[in-house]
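Structural features, examined
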Amino acid sequence: MAFRHLGLATTLAATLALANPAHAVTELQWWHAMTGGNNDIVNKLAEEFNASQSDYKVVPSYKGNYPDTMNAGIAAFRAGNAPHIMQVFEVGTATMMSATGAIKPVYQLMKDAGEPFDPKAYLPAITGYYSTSKGDMLSFPFNSSSMVMWINKDELKKAGVAEIPKTWPEVFDAAKKLKAAGHTTCGFSNAWATWAHIEQFSAWHNVPIGTKANGLDGFDTELKFNSPLHIKHLQNLIDLQKDKTYDYSGRASASEGRFSSGECAIFLTSSGYYATAKGTAKFDFTSVPMPYYPDVAGAPQNSIIGGASLWVMGGKKPEEYKGVAKFFAFLSDTNRQAKLHQESGYLPITKAAYEKTKADGFYEKNPILQTPLKELTNKEPTENSRGLRFGNMVQMRDIWAEEIEAALGGQKTAKEALDAAVARGNAILRTFEKTAK
Amino acid sequence: MEKSAVFSSKLLPYLLLVPQLIITFVFFYWPASQALWQSFLREDAFGLSSEFIGMENYQALFAQPEYYKAMLTTLVFSTLVAGLSLTIALLFATQADKSLKAAPAYKTFMIWPYAVAPAVAGVLWIFMFHPSLGTLARPLRWMNFDWNPLLNGNHAMALVVMAAIWKQISYNFLFFLAGLQSIPKSVIEAGAIDGAGPMRRFWTIIFPLLSPTSFFLLVVNVVYVFFDTFGIIDAVTGGGPAGATTTMVYKVYADGRLGGDLGSSAAQSVVLMIIVIALTAVQFRYVERKVQY
C-alpha cells in the first residue's frame, strides 16, 4: 500500500512540475511520418532546437505513414486543433496549397516573423516543387530525394555485364544476361511503379505528364502521358515481364528487399534508400542515374524530387509563428544541413550546404549520395521537368498503378492501359478543379 | 404463483431505455445521417468550401465502370469468405464437440486468431505469401508454380480470402461449438439406437437443431465481409492488382481517405448501407423461415 501511495505521490509531483515551468514556453506541435533512423533524426533536431533557446519547444509526434499523417492533420484542422507544423509528402502538395486559409505559406511566415530569409539560398531544383509559379516558397522542404538506379556490382560482374548500363536498351540487355546467369525471377525491377515509369520517366525524357507545366501553372491541367514514347516503354516492360526479365514489384517500396537480398541486381528506387541499403546489402553496390532512351532528343533532361516538406498550418497565434520561423531558420543553417544530408542521405536544401559537402570531399568517398543531385541539376529544368502538381495525387497514383498492373498482367495493351489511366486521371482532376477553384 | 412488479411511473421504462438509445443515436444514426448529407455535397479535404450538388456524386459513381467491377468483386469475395469460413468452422466445431483428450487445448488454439487485429493479420499473410520474400511463397516457386499476387488478380484474391477466412473461423467456431453443446445428447443417442449413421445424424438432427446459430452467424458474417475486411485488404493488396481486390468498402476508404473525395466516398457508403440493410432484410424474410427455434 505504501508503495502505491509513493507511486501516486511521484506522479502527482511530476504532473505539478510539468504544469509549472520556470517561465512560459510556447509549444510547437510537429507531426511527422518518419520511422527508424529518420525518426531519430527528427527527435534529435527538435532536442537541439529546444536546447538552443528557451522560448519555444518543438514537440515532434509520429502520426503514421505519409497518407496517415496528412489525414490526421486534415482531420485535426477540421476539428480546430491542427498542429503547427505538418510533414506532407510531395504528392500532397496540390491538396495543401489549394487549401488557402488552412495553411500559412512559408515565405509569408518568414516575412511576418522578420526572420532573415533569402529564397535564392535554396536549391531551385528542390524548392521549385514547393513554390508558386512566381517563386514564392509555400512549404519548407525537409526530406527530399530523387529516383536512382541501384546496381549490385558483384552480380553484374558474375553475369558478364562489363559496364553499368546507362540507357534502357542497355538495361534490358543486362537484365537478360542476369536472367541467363541465374536471376530467373528478376532481371531488373523497381519500387514506386508510377513514380518510376510515368513521373520520373516523363521528366527525364522531357515529355509532359500533363499540360500547364504538369499542373504547376494551374489546376485546369490535362494528363498527356499516353504518348507514343510512354506506350513504347510500357510495351517493353510488358514484353519483358512475360519471362521475368523485368518483374513488377508493387506500388510502394515494400519490395526494396528484393535488391538487398540479391534477387534483383538492378533496381530503381528512391535515393533515400541509401541508409537501408548500407545496413542490409552484403555486396558491392552503387547508384547511378536513371536510364533513358538514347533516340529521344534531349534525353536525359533532369529528374524531379520526391520526399516530403513541412507545411505550416493556418489560424495560429503570431507568437507561435515566430517560433516556427525560428525553427526553419535553425534548420536552414549550413552546417546543420550539410550534416543532415551526409547522415541521412536526403538531399541538402541550401546551395551553401551542397557546396560545403562538395568542398569537404565527401562525394569522392560517397559518390552514391551525389547521384540524385547530379540528376536534379543535369540540365536547366523545363516545363516538363520542374515538378508536378496534380490534385488528389494519392488517389491518382493508385489509379495509374492499377492500369499499369492491368497491362503487365496481360489484361490490357499498353495503349489501352495508358489511355484509361489518362482518362480516369482527368476525371479526378476535373473534380478537384471544382473543389479547389 | 406468478409475481409481477408493476411500476406506476410511465417515465421509468423510457429512462431505462435512454442509455441504449443514446449509444445507438451517437454511434449509428448520427454518423449515418452525416454520411447521407455529405453524399449530396462537394467539399474539399479541409472542409473550407462545400457546395450542395444534389445527386451529382451518385451520378458520377454509377457512371464509373470501376464501381460495377467493385460490386462484382464484393460479390465474389463475400460469397467465398462467408461460405468457406462458415463451412470450415462448422467442420472444426463438430470435431471439437467429440470427446477428445486434448479438446480444451484444441479449442483454445482455435480461438486465438480472433484476437489478432485485421491489419496485423494482413501483415502476417504478407510475410508468408510475398512472392519473393514470403516463407510459404518460396516452396510454391520451387514447385514451379508462378505465384504472383502482385500481378495476378486471382492470386491476390485467394490471398485476401484466405486471410479474411482465417480471421473469421475462430468466431464462427465459438458459436457453432456452443450451439452443438446445447443440443441434447438424448436426441442424438435416440437416433443412433434407431440405426442412423454419423452423417445421417448430422444432417437430420444436428444441422436442423443448429439452424438458429447458423442463421445468426450468416447475418454476422455477411456484415463482417462487407465492412470489417478492409483492414486486411489494405494491408495485403491495397486493392490491387488492377483493382482485382477492390471491394466496395475498400473503395469507400480509398476514395475518401486516400483520395480526399469525401462526397463520392459518402455516396458509396450510403449505397453500401442500403445494400447491407436489404441483404439483412432478405435474410430475415426468407432464410429465417427455415430456421427451427
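Conventions used here
Residues numbered from 1 in each chain as written. Chains lettered and ligands numbered in written order. Predicted model: local features only at pLDDT ≥ 70, side-chain atom pairs only at ≥ 80, totals over all residues. Pairing = 2+ DSSP bridges. Helix = DSSP H or I, 4+ residues; strand = E, 2+ residues; numbered from the N terminus. Axes fitted to C-alpha atoms, helices over the stretch in contact; angles between N-to-C directions. Contact = placed C-beta atoms within 7 Å. Nonpolar A, V, L, I, M, F, W, Y, C, P; charged D, E, K, R; others polar. Parallel < 35°, antiparallel > 145°, perpendicular 65-115°, else oblique. Left-handed = near helix turned anticlockwise from the far one by under 90°.

**What about the sheet that holds strand β9 (residues 285-288) of chain A?**
The strands that make up a sheet are held in pairs by hydrogen bonds between backbone atoms, and each pair lies either parallel or antiparallel. All names here are of chain A. Within the open sheet, the four strands sit side by side as β7-β8-β6-β9. Their pairing is mixed. At either end of the open sheet lies a strand with only one pairing partner, and these are β7 (188-190) and β9. This sheet shows a mean twist of 25° between the axes of neighbouring strands, independent of strand direction. Both strand β6 (residues 147-152) and strand β8 (residues 266-270) contribute to a ladder of five bridges, which runs antiparallel. Across the sheet, residue methionine 149 finds its bridge partner in β8, namely leucine 268. Helix-sheet contacts for helix α9 (residues 193-204) involve β6, β7 and β8, and the interaxial angle to β6 is about 120°. The strands touched by helix α18 (residues 367-376) are β6 and β9; relative to β9, the strand with the most contacts, the crossing angle is about 10°.

**Considering the interface of chain B and chain A**
Interfaces are frequently sized by the accessible area removed from exposure as the parts join. Listed per partner, the contact involves 26 residues of chain B and 33 residues of chain A. Counting only elements with at least two residues in the side of chain B that touches chain A, the list comes to β1 (41-43) and α12 (248-258) of chain B. At four residues, the largest contribution of residues to the side of chain B that touches chain A is made by α12 of chain B. By residue class, the composition of the side of chain B that touches chain A is 10 nonpolar, 10 polar and six charged.

**A short note on the packing of helix α1 (residues 12-38) of chain B against helix α13 (residues 262-287) of chain B**
If you want to describe how two helices pack, look at the angle between their axes and the distance between the axes. All names here are of chain B. Between α1 and α13, whose axes approach to 7 Å, the crossing angle comes to 125°. By the angle between their directions, the pair α1 and α13 is classed as oblique. Considering how the two elements wind past one another, α1 and α13 form a crossing that is left-handed. For the pair α1 and α13, the contacting residues are Ala32, Ala35, Leu36 and Gln38 in the first and Leu262, Gly263, Ala266, Ser269, Val270 and Met273 in the second.

**Remarks on unusual backbone geometry**
All names here are of chain A. Cis rather than trans, the peptide bond between alanine 299 and proline 300 has omega equal to 0°. Positionally, proline 300 belongs in the loop between β9 and β10 (306-313). Although it is not a glycine, lysine 212 sits at a positive phi angle of roughly 55°. Within the secondary structure layout, lysine 212 lies in helix α10 (residues 211-214).

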